[in-house]
Structure formats: structure tokens, C-alpha cells
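What follows is each chain in one-letter form.
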Amino acid sequence: MPEMYVDMRRPATSPAARLSGAHCSVAVVGGGQAGLSVSHELRERGIDHVVVEAHRVGHEWRARRWDSFCLVTPNWQCRLPGYPYQGDDPDSFMVRDDIVRYLEGYVAHFRPPLVEGVTVTRLRRSPGGVFELATTEGDFTADQVVIATGPYHTPSLPSMAQRLPDSVTQVHSSRYRNPAQLPSGAVLVVGTGQSGCQIAEDLHLAGRPVHLAVGSAPRVARFYRGRDCVAWLDEMGHYAKSIDDFDDAGAVRMRVNHYVTGRDGGRDIDLRAFARDGMRLYGRLAEVAGTALEFADDLKVNLDHADAVAEGIKDAIDAHISARNIAAPDEPRYVPVWEPDDQPRELDLDQADITSVVWSTGFRRDHRWIEAPVFDGRSYPMHWRGATSVPGLYFLGLPWQHSWGSGRFEAVGRDAEFLANHIEASRRLSDVCGTLTGAPTELASALPIG
């Protein structure tokens, strides 16, 4: 293992073993794109710190994505601090293994003080203002802490999943890998966010009979008027728009992402086309009673809503093109290829030969290990641009933390830069006021940096 890693699985004589009982200026919890980004920015400012990762760099992409997974944003939007996309195909879409290699390359590029295979199990602030972190390999302290574990912690399954018969194989989207993983027979996919739609397509392309419970997620066209819609929206400043510019910031943070795919060079995901070609669509799954399933009467509403959002985005692109006299080819608007006339609201699993259910029902946050009064009634961290009301405690990598790209490769670096500046200013203030002063920074000498 390269020396830029500090792996707690090494022999006890290694420098990593000295994490226990040590102190550092900043502890970063989480070694994904968010944690690595803020580590880069802290390194640039000469601030000693440690990044503690429970697994390996790239774990979320490596272990919780299916085989055909790829980004829905083009490669040129992969721009972590000091490490923009390194390949020669900026308009394509990284597949799962390429994403892992990108993150591993980032680690090799700037050599962060990274501890892998160690889980932080408790975080609290002592009466003296120092943060105490308990881990699976011992305890240490820090003056300031950045929580960079993202929002997707525990797979979320509805309680109705418990009422399915044992004969039905159930898989959460985070555990789905490929169609061959599931027993022969038809598959019910529940949920039509990005994961649900792409998994349904994966099964459909493999020739599996697919039944899809359609939710209220919106969609977006992949290309329009000669360019990827992402490129248009980036040019229009959409991704730089602050959460503070919205009147309903709380609702914006909870919005479901638009479904689209980067597979095979990128294309629309049109659920109506799937239905035309044999996939069975239903409304939201409402009830399970053994093999009997009941669906809400909202399929048409959900399909119409998704199309309306996609067409609204095209309206905004048209206005942008017109206002700036941009030369762009005309393109006919979308015409629905299928309508849900007299769709059944009930389904029997045995009669439909459905042997598997893939639950694409998202994740729950799990911050029980954080003992700090920074959460609202929905267990969401209360913050402004990542800074909480507890001095020295920050979050990074949350969806819409400051802008659309906050939880993504596109803009997490901007948020990391902001927090690093805040941390640096707090350190300077502590030198004057003593408000964040902790123990000597012993950890700096224990970690091989650079």
C-alpha cells in the first residue's frame, strides 16, 4: 500500500497506531470526494489534519453501485480541487470503475493524511471546547471537525417489505449488481429516482420482464438543441445558484434528482417508451398483503409531471438561446409515445411470475454517533454553508449544501474551499482569543504527509 495511506490495519508499530491518544487541529470524518476535497484545501493552507475513512477510498462507488453504473453528469464536471478530469473524453460519462480510479488518482496526486479502515463511533465536544472522537482503533481529539460522510448512510426499506412472502427475493438498490444476480422470472422495481429508472432499464435491456412502480421524480432530457442539457444549464449559471436564492430552501434540499442516464454515451430515460416496449408500469406502491399488491392511482400524474419538468427545462434553454442569439439547431419537442389508459391498480406476484423485488427507495441519514445539538426535527444538520452553531463543527458534501453541485464532483470543491477558509480564520481567532485552543498537535508528526 502506498505510503500516503495511513491504514489502521497495518501492524501496531506503524505511524497510524499513534492516532490513539493523539490530537490534531482538524479531523475530517469520511474519505470520499468531500473529505478528500477539504483535505486538499487544508493542505494548501498548511493546516495539520487527519482524514478518517471507515472503508477504502471509493468504497461507496465500488460497493454500492451496480455493474453498469455510470455518472449522469459528463466527465468535464469532475473537477475536484487541483485535480480536474484527467481523461481525453470530457463529454462522456465515467463508469463505476473509472470513478474509483479517479478518486484513487486524486489520493496519489496530493497524498492526504488518510487513515483507512477506521470508523468513528462517537463525536462530542468537551466542556473545554476540544472535540473528542472515539474510533474502532482508539480515541483522539481535534480542535475542529468536518463531517464529510454524505447523506446516504442506511438503505431505506418501507415497512411493507416485511409483508412480502419469503419466496420473493428482495434487494435494495445499493445491493443490486446485475440481472443475473436475481432468480429467473419477472422483477418488480419500486421507485423511479435515478437508481430505480436505471436499474429498470438494466433489467429491461437484459430481456427480463420488468414491472415498475412509478413515483414522482422528475426527468430531464439528455441532449437538446445540439448539446447536453447539463452543458446548457452550466452555461446558464444553474449549478452556481445558491440555496439562499430559493424561497423554499428546505424543500429544495429534499428534492429528488431528475432521472436520465449516461449509459452508452448518454440518452433520455423515457418510461413511456419502456411501457410501449413491454415494461409494465404502475403508480406508487401503496400496500402489500402477501402476494397481493395495490398501487396508487397516480401513474398518469407522475408521468405527466416528469415530462412537464423536462419540457420546462427546454423552455429555459430556448429562452437562453434566444436572449443571447446563440446559433443552435432547432429541435422538435417531445411527444408522448404511450399513455396509461386503464392501467391496473392491483397485481398478484404469483400470477405475474414476479420472483424478485428491487427496492429503489433511497437512504436514511444516521448521525446517532454525533453528540451535538445541530439537528432539526428531521435529523437534518442545521448549518449555513456547512458551518453549524457549534463552534468548530462543520458538514461537507450534503446535497444542496450551498448549490446544486455541493454533494457532487462538480462543486464540492467550492464548498471545501469555503470551509477551509473558515477553519483557517477560526484558527487565527483562537490564537488571539483561545476559543478553539486544544492540546498540542501531536498527530502532525505521526502522519506521513507529502
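This structure is a prediction, so every number in the text was calculated from the model and none was measured.

## What to know about the environment of Glu-41
Next up, step 1: By the secondary structure assignment, Glu-41 is in helix H1 (residues 33–44).
Next up, step 2: Among the residues examined, Glu-41 registers a relative accessible area of 8% and is labelled buried.

## Considerations on the state of the cysteines
Next up, step 1: As enumerated under the stated definition, the model contains zero disulfides in all.
Next up, step 2: With no disulfide of its own, Cys-70 lies closest to Cys-78 among cysteine sulfurs, the gap being 11 Å.
Next up, step 3: For Cys-78, a relative accessible area of 1% puts it in the buried group.

## So, the pattern of salt bridges
Next up, step 1: Inspection of every chain in the model, using the stated rule, returns 36 salt bridges.
Next up, step 2: The closest approach of N and O atoms between Arg-79 and Asp-234, which form a salt bridge, is 3.4 Å. You can see Arg-79 sitting in strand S4 (residues 79–80) and its partner Asp-234 sitting in helix H5 (residues 229–235), a full 155 residues away along the chain.
Next up, step 3: Glu-339 is paired through a salt bridge with Lys-300; the nearest N and O atoms lie 3.6 Å apart. Of the two residues, Glu-339 sits in the loop between helix H8 (299–323) and strand S19 (346–348) while Lys-300 sits in helix H8, which places them 39 residues apart along the sequence.
Next up, step 4: Accessibility expressed as a relative area gives 33% for Glu-339, which makes it partly exposed.

## Considerations on the sheet that holds S19
Next up, step 1: Read from one edge to the other, the open sheet built from three strands follows the order S17-S18-S19, with strand pairing classed as antiparallel. Bordering the open sheet on either side are strand S17 (285–289) and S19, each of which pairs with just one other strand. Across this sheet, the average inter-strand angle for adjacent strands is 20 degrees, counted without regard to direction.
Next up, step 2: Judged from the three bridges that link them, strand S18 (residues 292–295) and S19 form a sheet pairing that is antiparallel. Counted as the bridge partner of Leu-293 is Leu-347 from S19.

Cut-offs applied
- Residues numbered from 1 in each chain as written.
- Predicted model: local features only at pLDDT ≥ 70, side-chain atom pairs only at ≥ 80, totals over all residues.
- Heavy atoms only, no water.
- Helix = DSSP H or I, 4+ residues; strand = E, 2+ residues; numbered from the N terminus.
- Buried < 20%, exposed > 50% of the residue type's maximum accessible area, 1.4 Å probe, protein only.
- Disulfide = S-S within 2.5 Å.
- Salt bridge = Lys/Arg side-chain N within 4 Å of Asp/Glu carboxyl O.
- Pairing = 2+ DSSP bridges.
- Axes fitted to C-alpha atoms, helices over the stretch in contact; angles between N-to-C directions.

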